[in-house]
Amino acid sequence: MTMTNTSSLLQRLRGPVLAAALGLVLTGCVGVYKSDVVSINSSTRLDDTPRLAVISAFEPELKLLLTRLQGPRKHSVNGVEFTTGTLEGKPVVLFLSGISMTNATMNTQLVLNRFRITGIVFSGIAGGVNPSLHVGDVTVPAQWGQYLEVLMARETAPGKYSAPPFITDATLPNFGMNFPRPVEVRSAARPGIERKFWFAADPKMLEVARSIRNVELANCGAGKCLPRKPQLVVGGNGVSGQAFMDNKAYREYTYKTFQANVLDMETAAVGMVAYSNGVPYIAFRSLSDLAGGGDGENEMGTFMSIAADNSAKVMLAFLAAWK
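Quick notes on the rules
- Residues numbered from 1 in each chain as written.
- Predicted model: local features only at pLDDT ≥ 70, side-chain atom pairs only at ≥ 80, totals over all residues.
- Heavy atoms only, no water.
- Helix = DSSP H or I, 4+ residues; strand = E, 2+ residues; numbered from the N terminus.
- Buried < 20%, exposed > 50% of the residue type's maximum accessible area, 1.4 Å probe, protein only.
- Contact = heavy atoms within 4.5 Å.
- Areas by Shrake-Rupley, 256 points an atom, 1.4 Å probe, with all protein chains shown as cover.
- Pairing = 2+ DSSP bridges.
- Core = buried A, V, L, I, M, F, W, Y, C linked by side-chain atoms within 4.5 Å.
- pLDDT = per-residue confidence, 0-100.
- Salt bridge = Lys/Arg side-chain N within 4 Å of Asp/Glu carboxyl O.
- Disulfide = S-S within 2.5 Å.
- Expected span 1.5 Å × (residues − 1).
- Bend = angle between axes of the 7 residues up to and from the residue.
- Axes fitted to C-alpha atoms, helices over the stretch in contact; angles between N-to-C directions.
- Left-handed = near helix turned anticlockwise from the far one by under 90°.

### Comments concerning the overall build of the protein chain
Thinking step 1. When its secondary structure is counted, the protein chain shows seven helices and 20 strands.
Thinking step 2. Across the 323 residues in the protein chain, those meeting the buried criterion constitute 45%.
Thinking step 3. Across the protein chain, every contact between residues at least 6 apart in sequence was considered, and the portion connecting residues at least 24 apart equals 76%.
Thinking step 4. Total accessible area computed for the protein chain in this model is approximately 16,400 Å², and 56% of it derives from carbon and sulfur atoms.

### A look at unusual backbone geometry
Thinking step 1. Not every positive phi belongs to a glycine, and N214 is a case in point at roughly 60°.
Thinking step 2. Residue placement: N214 occurs in the loop between α4 (203-210) and β15 (220-221).
Thinking step 3. Owing to a relative accessible area of 80%, N214 belongs among the exposed residues under this scheme.

### Description of the pairing of strand β4 (residues 90-96)
Regular strands have side chains that alternate between both faces of the sheet.
Thinking step 1. Of all seven residues in β4, five are buried, a share of seventy percent or more.
Thinking step 2. Both strand β1 (residues 50-56) and β4 contribute to a ladder of five bridges, which runs parallel. Directly across from A53, in β4, lies its bridge partner V93.
Thinking step 3. By the bridge criterion, five bridges tie strand β3 (residues 80-87) to β4 in an arrangement that is antiparallel. For T84, the partnering residue across the bridge sits in β4 and is V93.
Thinking step 4. Here β3 folds back onto β4 in antiparallel fashion, the turn holding two residues, of which E88 has a positive phi close to 50°.

### Structural notes on the nonpolar core
Nonpolar side chains tend toward joint burial in soluble globular proteins.
Thinking step 1. In terms of nonpolar packing, the biggest core is built from 39 residues, with F82, V111, I117 and I120 touching the most fellow members.
Thinking step 2. If you look at the next biggest cluster of nonpolar residues, it comprises 28 residues, including L69, V208, F284 and L316.

### With respect to the confidence of the model for the protein chain
Thinking step 1. Per-residue confidence for the protein chain gives a mean pLDDT of 88; residues scoring 70 or more make up 87%.
Thinking step 2. Confidence over residues 2-10 falls short of pLDDT 50; this stretch has two contacts with residues more than four positions distant or in other chains.
Thinking step 3. Across residues 15-41 the pLDDT falls below 50, and counting only partners more than four positions away or on other chains, this stretch makes three contacts in the model.

### As for the pattern of salt bridges
Thinking step 1. Inspection of every chain in the model, using the stated rule, returns 12 salt bridges.
Thinking step 2. The shortest N-O distance in the salt bridge between R45 and D48 comes to 2.9 Å.
Thinking step 3. Connected through shared salt-bridge partners, E61, D264, E266 and R285 make up one network.

### What to know about the state of the cysteines
Working definition of a disulfide: a covalent bond connecting the sulfur atoms of two cysteines.
Thinking step 1. One pass over the structure, following the stated rule, counts one disulfide.
Thinking step 2. Disulfide partner of C220: C225, at an S-S distance of 1.9 Å. A torsion of 115° about the S-S bond marks the disulfide between C220 and C225 as right-handed.
Thinking step 3. Look at C220 and you get partly exposed, because its relative accessible area is 39%.

### Brief notes about the pairing of β3
Thinking step 1. In terms of residue burial, β3 counts as a mostly covered element, since six of its eight residues are buried.
Thinking step 2. Where strand β2 (residues 70-77) meets β3, six bridges bridge the pair, whose relative direction is antiparallel. Directly across from S76, in β3, lies its bridge partner E81.
Thinking step 3. Taking the residues that link successive antiparallel strands as the turn, the β2-β3 hairpin has two residues, and the phi of N78 there is positive, at about 55°.

### Here's the deal with helix α7 (residues 300-321)
Thinking step 1. A rise of 1.5 Å per residue sets the reference length of α7, with its 22 residues, at 32 Å; its end C-alpha atoms lie 30 Å apart and thus fit the reference within 8%.
Thinking step 2. Helix geometry: α7 is bent most strongly at I306, by close to 25°.
Thinking step 3. Taken as a whole, α7 has its buried residues at F303, I306, A307, A308, N310, S311, A312, V314, M315, L316, F318 and L319.

### Some details on the environment of F318
Thinking step 1. Position of F318 among the secondary structure elements: in helix α7.
Thinking step 2. Separated by 107 residues in the primary sequence, F318 and S211 have C-alpha atoms spaced 8.7 Å apart.
Thinking step 3. The residues touching F318, leaving out its near neighbours within four places in the chain, are V121, M205, V208, A209, I212, I282 and F284.

### Some points on the environment of V93
Thinking step 1. One can find V93 in strand β4.
Thinking step 2. In sequence terms V93 and V111 are 18 residues apart; their C-alpha atoms lie 8.5 Å from each other.
Thinking step 3. In contact with V93, other than residues within four places in its own chain, are R51, L52, A53, V54, F82, T83, T84, V111, F115 and I117.

### What about the packing of helix α3 (residues 101-114) against helix α6 (residues 267-277)?
Thinking step 1. Closest axis-to-axis distance for the α3/α6 pair is 8 Å, and the angle between their directions is 35°. The crossing of α3 and α6 is right-handed. The segment α3 lies against α6, with M101, A104, T105, T108, Q109 and L112 engaging A268, A269, V270, V273 and N277.

As structure tokens, then:
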């Protein structure tokens with residue numbers, strides 16, 4: 001082969017050879033990138049101690065509990081700060097779920113992936129729905145449902161709303177165009193799709209909660225006092241949804257339809273994740289406001305700290321009694 005022919009052949013091969021070489025380099029980079037992602041987002045446990053997950057939605061609800069935590073050690077995953085230690089002699093991991101249903105779902109699953117969780121305990125504030133309850137009271141519902149999982153129905157006549165014929169599970173009473181529905185869920189015990197509205201708190205945890213006595217619930221704080229001494233109520237229903245609710249008419253509908261004592265923006269999501277993973281859970285919620293049922297403006301800003309601390313006090317009494 002002449003020098004001219006050799007040079008011509010190299011010119012012709014240069015494009016494919018460079019492309020192949022570049023492909024190999026990029027393939028290697030992709031392999032490295034995938035490995036990095038798996039490492040960052042893996043479900044490797046941060047420690048192997050069996051712990052209760054203690055959750056609150058936002059900082060004021062967790063404040064008192066953090067001051068009582070013994071031997072704190074911090075971990076950070078995806079921007080979420082987990083603090084391990086002991087409360088009332090029980091190994092725990094404390095963290096904030098973040099406000100609302102998606103945050104609560106995502107971060108509850110995250111703690112189950114990263115720690116050896118034997119149970120989930122939620123402590124925080126809520127809006128009161130049952131007219132017999134008052135601001136400052138602490139509730140421990142036996143079950144939680146997602147009351148804002150709804151069909152928004154077509155108006156078929158003035159003031160009349162109808163579900164499409166293929167939606168057969170919107171059987172609860174509607175509020176205007178909103179028809180509540182169960183959620184679809186899979187679980188370790190039942191891998192097929194299951195439709196559920198209520199997610200039950202753990203019976204053994206409820207039994208311990210019912211045994212709690214002599215917790216001094218505050219009715220004054222930051223220069224504000226409640227007109228009556230708060231009480232602890234164990235049992236009944238709670239509902240959760242992705243909206244801050246401050247509407248008298250919807251509050252009345254929620255009580256009538258679901259017989260709910262309280263409503264919040266996280267607990268039913270936590271209950272659904274607990275159910276899916278086969279992990280026991282319970283929630284302590286103290287009333288910071290009446291979800292639109294008060295005589296004046298929403299009371300949450302006024303009584304939030306009283307309610308948050310009352311919930312935390314009852315939760316600490318639960319931990320002390322939990323075996």
